[in-house]
Amino acid sequence: DIQPVSIDSYMRPSDKVEEIPTDSLENLEKMIEICEKNNIEIMLLEMPSGTSWNYQRHNAIENFANENGLIFVDMNTCTDEYGLDFKKDFRDYDANHLNYYGALKATSYIGGIIADNYKIENRSNSPDYDYWNEYCESFKNEIMGVSSNDTKLD
């Protein structure tokens with residue numbers, strides 16, 4: 001579905017910082033501790049959201065990321081970089097859920113950030129992951145009505 005959205009107050013710049021709720025902060029710190037113990041690199045990510053996110057929340061997470069040496073990608077502050085279109089890329093009036101077209105843009109952008117910042121082995125040609133390519137092909141056939149036997153997700 002495509003739901004055109006008009007959000008007048010979307011991500012108005014602000015110097016204010018919203019306090020991170022204690023429970024959320026404690027859980028985040030526990031997750032970071034577990035990841036560090038297991039040598040797992042961390043990226044904080046906020047997906048585009050027209051009404052459940054704001055600049056004050058962005059500032060809080062950005063401060064936390066900076067204090068902890070983490071990468072923070074806020075897809076609300078870089079919409080031009082990946083071409084988000086509020087008239088075409090959401091499936092709900094609140095602009096909190098991307099539709100297929102918005103998801104393509106967002107995942108492509110995030111994939112580039114991951115490729116540039118993290119060492120993740122490409123296993124798309126491994127026989128152990130053939131099922132992934134089969135599911136991808138099935139999805140493309142069902143959703144898009146196309147077949148691309150020679151295309152694999154990398």
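Quick look at the structure, then.

The rules we used
- Residues numbered from 1 in each chain as written.
- Predicted model: local features only at pLDDT ≥ 70, side-chain atom pairs only at ≥ 80, totals over all residues.
- Heavy atoms only, no water.
- Phe/Tyr/Trp six-rings, centres within 6.5 Å; stacked < 30°, edge-to-face > 60°.
- Buried < 20%, exposed > 50% of the residue type's maximum accessible area, 1.4 Å probe, protein only.
- Helix = DSSP H or I, 4+ residues; strand = E, 2+ residues; numbered from the N terminus.
- Pairing = 2+ DSSP bridges.
- Right-handed = clockwise from strand over helix to strand, strands pointing away.

What follows deals with the packing of aromatic side chains. Enumeration over the complete set of coordinates arrives at 7 aromatic pairs. When the centroid spacing of 5.0 Å and the interplanar angle of 20° are considered together, the rings of Phe86 and Phe90 count as stacked. On the basis of relative accessible area, Phe86 is assigned to the buried category, the value being 18%. The interplanar angle of 80° and the centroid separation of 6.1 Å between the aromatic rings of Tyr131 and Tyr135 together place this pair among those described as edge-to-face. Of this pair, Tyr131 and Tyr135 are both found in helix α5 (residues 130-144), 4 residues apart, which corresponds to roughly one turn of the helix. Ring-pair connections join several aromatic residues into one group, and the members of that group are Tyr10, Phe86 and Phe90.

A word on the pairing of strand β1 (residues 43-46). Because side chains alternate across β1, one face comprises the buried residues Leu44 and Glu46, and the other comprises Met43 and Leu45, none of which is buried. Sheet topology places β1 next to strand β2 (residues 71-74); 4 bridges connect them, and they run parallel. Bridge pairing in β2 places Leu45 opposite Val73. Once the chain exits β1 it traverses helix α2 (residues 55-68) before rejoining the sheet at β2, and the crossover so formed is right-handed.

This is a description of form; function is not addressed.
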